[in-house]
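Overview (structure and organization)
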Amino acid sequence: MAHWLDTYYSRGGVGAIQSPMYDALWAALQGAGFDGNPLQYAFVLCYMESGGFANTLAKKDNNPGSITFVNQPGATKGSYMAANKTYAAHFNSLADFARDLHRILSLPPGHPIQAVNLKDFVHGLKLNKYMGKESEASYMKKMQATAQRLAIVQDLQTDADQKVVMPSSGGGLFAWMKSHPIWTGVGAAGLGVLVVKNVSK
């Protein structure tokens, strides 16, 4: 059976989450030393940068974070990134990718790995020139939208017609978020009010 997020995003045309990448990336990030808020933010970053784990870098280069190749250990030259006029890093595994991402997010002056909220994380990325010429405000909006999108989607595998409910009611979204603590943390990290929406077949 397909992962329920596969079902949602394939219907909406937003970009599919491949469940092996979803699970494997989460495990790889944990294995590389990510935990707490930075683990959540790194996952959102990778999902956003890779267009829902659907772009060439994610699928061909094990590089959902769009990391540039700079002869770093554990990487070889990967796909050409026309927008950046440079090459992406190719990693043999998501574990190698996650270790390099941890290294990058630990660098000064931004130290994104030490962020206590999403705003600090994005500011650290900007200081480290991770987002190139894109403005911090623009990148922040995309990170917020990505985190919210992932947090509010109903579990379509169990009840495609059920309305997403507010956490206080104890069902729907609340039940799902309890089993996926990443989004509980993201929702509490200053992302604003979650949009409640209906999903149907």
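Sequence order as written defines residue numbering, which begins from 1 separately in each chain. Two thresholds apply to this predicted model, a pLDDT of at least 70 for residue-level local features and 80 or more for giving and counting side-chain atom pairs, whereas whole-chain, interface and lining totals are computed over all residues. Heavy atoms throughout the structure, all of them, feed into the side-chain values; hydrogens and water do not.

Only DSSP runs of H or I covering at least 4 residues are called helices, and only runs of E covering at least 2 are called strands; the numbering of each starts at the N terminus. Considering the arrangement of structural elements, one finds Tyr22 in helix 2 (residues 19-31). The spatial distance from the C-alpha of Tyr22 to the C-alpha of Phe53 is 8.0 Å, given a sequence separation of 31 residues.

Below, the discussion takes up the pattern of salt bridges. One side-chain nitrogen of Lys or Arg within 4 Å of one carboxyl oxygen of Asp or Glu is enough to make a salt bridge. Under the definition given, this model contains three salt bridges. Here Arg103 ties to Asp100 by a salt bridge, and the two come within 2.7 Å at their closest N and O atoms. Residue Arg103 and its partner Asp100 are located together in helix 5 (residues 94-105), separated by three residues, close to a single helical turn. Relative accessibility under 20% of the residue-type maximum defines a buried residue, over 50% an exposed one, and the middle range a partly exposed one, all with a 1.4 Å probe and only protein chains included. Exposure remark for Arg103: the relative accessible area of 35% places this residue in the partly exposed category. For Asp100, a relative accessible area of 5% translates into the label buried.

Right, let's get into the packing of helix 3 (residues 36-49) against helix 6 (residues 118-127). Contact geometry of helix 3 with helix 6 gives a least axis separation of 10 Å together with a crossing angle of 60 degrees. When the axis of helix 3 is compared with that of helix 6, the two are oblique. For the crossing formed where helix 3 meets helix 6, the hand is right-handed. Residues Tyr41, Ala42 and Leu45 of helix 3 form the contact with helix 6, whose own contacting residues are Leu118, Phe121 and Leu125. Lys, Arg, Asp and Glu make up the charged group, whereas Ala, Val, Leu, Ile, Met, Phe, Trp, Tyr, Cys and Pro make up the nonpolar group; the residues left over, Gly among them, are polar. For the contact of helix 3 with helix 6, a count of residues per class yields six nonpolar, no polar and no charged. Axis angles are defined between N-to-C directions and span 0 to 180 degrees, where every axis is a line fitted to C-alpha atoms and, for a helix, only to the segment in contact. Comment on the angle field: the value is read as roughly parallel under 35 degrees, roughly antiparallel over 145, roughly perpendicular from 65 to 115, and oblique elsewhere. Crossing handedness: left-handed means the near helix sits turned counterclockwise from the far one by under a right angle, and right-handed means the same turn made clockwise. Any two residues whose heavy atoms approach within 4.5 Å are treated as being in contact.

Another aspect to go through is the nonpolar core. Side-chain atoms within 4.5 Å link the members of a nonpolar core, which is a set of buried Ala, Val, Leu, Ile, Met, Phe, Trp, Tyr and Cys residues. Residues Leu25, Leu29, Phe34, Leu101, Phe121, Tyr139 and Met143 are the most contacted members of the largest nonpolar core, which totals 42 residues. Only helix 2, helix 3, strand 2 (86-91), helix 5, helix 6 and helix 7 (136-152) provide two or more residues apiece to this core. With nine residues, the single largest contributor to this core is helix 3. Leaving out residues up to four positions away in the same chain, Leu101 has contacts with Leu29, Phe34, Ala42, Leu45, Cys46, Ile67 and Tyr130.

So, on to unusual backbone geometry. A cis amide bond links Pro108 to the next residue, Pro109, at an omega of 5 degrees. Summarising the element assignment, Pro109 is placed in the loop between helix 5 and helix 6. Phi is positive for Phe53, which is not a glycine, with a value near 60 degrees. With respect to the secondary-structure elements, Phe53 resides in the loop between helix 3 and helix 4 (56-61). Its relative accessible area of 1% is what places Phe53 among the buried residues.

Turning next to the pairing of strand 1 (residues 75-81). Pairs of strands are assigned from DSSP output, requiring at least two bridges between the strands. Across five bridges, the pairing between strand 1 and strand 2 is antiparallel. Within strand 2, the residue paired with Lys77 across the bridge is Ala89.

Take the environment of Tyr139 next. Within the secondary structure, Tyr139 is located in helix 7. Accessibility expressed as a relative area gives 1% for Tyr139, which makes it buried. Excluding residues within four positions of it along the chain, Tyr139 makes contact with Leu45, Met48, Glu49, Val122, Leu125, Tyr130, Met131 and Glu134.

Glancing now at the side chain of Gln72. With respect to the element layout, Gln72 can be found in the loop between helix 4 and strand 1. According to the relative accessible area criterion, Gln72 is buried, its value standing at 6%. Among the polar contacts listed, one links the side chain of Gln72 to the backbone nitrogen of Val70, at a separation of 2.7 Å. Distance and chemistry together define a polar contact, namely a pair of N or O atoms within 3.5 Å, with one atom able to donate a hydrogen and the other to accept it when in protein, and with adjacent residues in sequence counting only for side-chain atoms on both sides. Among the polar contacts listed, one links the side chain of Gln72 to the side chain of Asp100, at a separation of 3.0 Å. Sequence-distant contacts of Gln72, that is, excluding residues within four places in its chain, are made with Ile67, Ala89, Phe91, Asp100 and Arg103.

Right, let's talk about helix 3 for a bit. Here helix 3 is 14 residues long and its end C-alpha atoms lie 21 Å apart, about the 20 Å a rise of 1.5 Å per residue gives. Counting buried positions along helix 3 yields 11 of 14 residues, so the element is predominantly enclosed. Where helix 3 is concerned, the buried positions are Pro38, Leu39, Gln40, Tyr41, Ala42, Phe43, Val44, Leu45, Cys46, Tyr47 and Met48. At the exit of helix 3 stands Gly51, carrying a positive phi of roughly 60 degrees. Any helix carries an expected span of 1.5 Å times its number of residues minus one.

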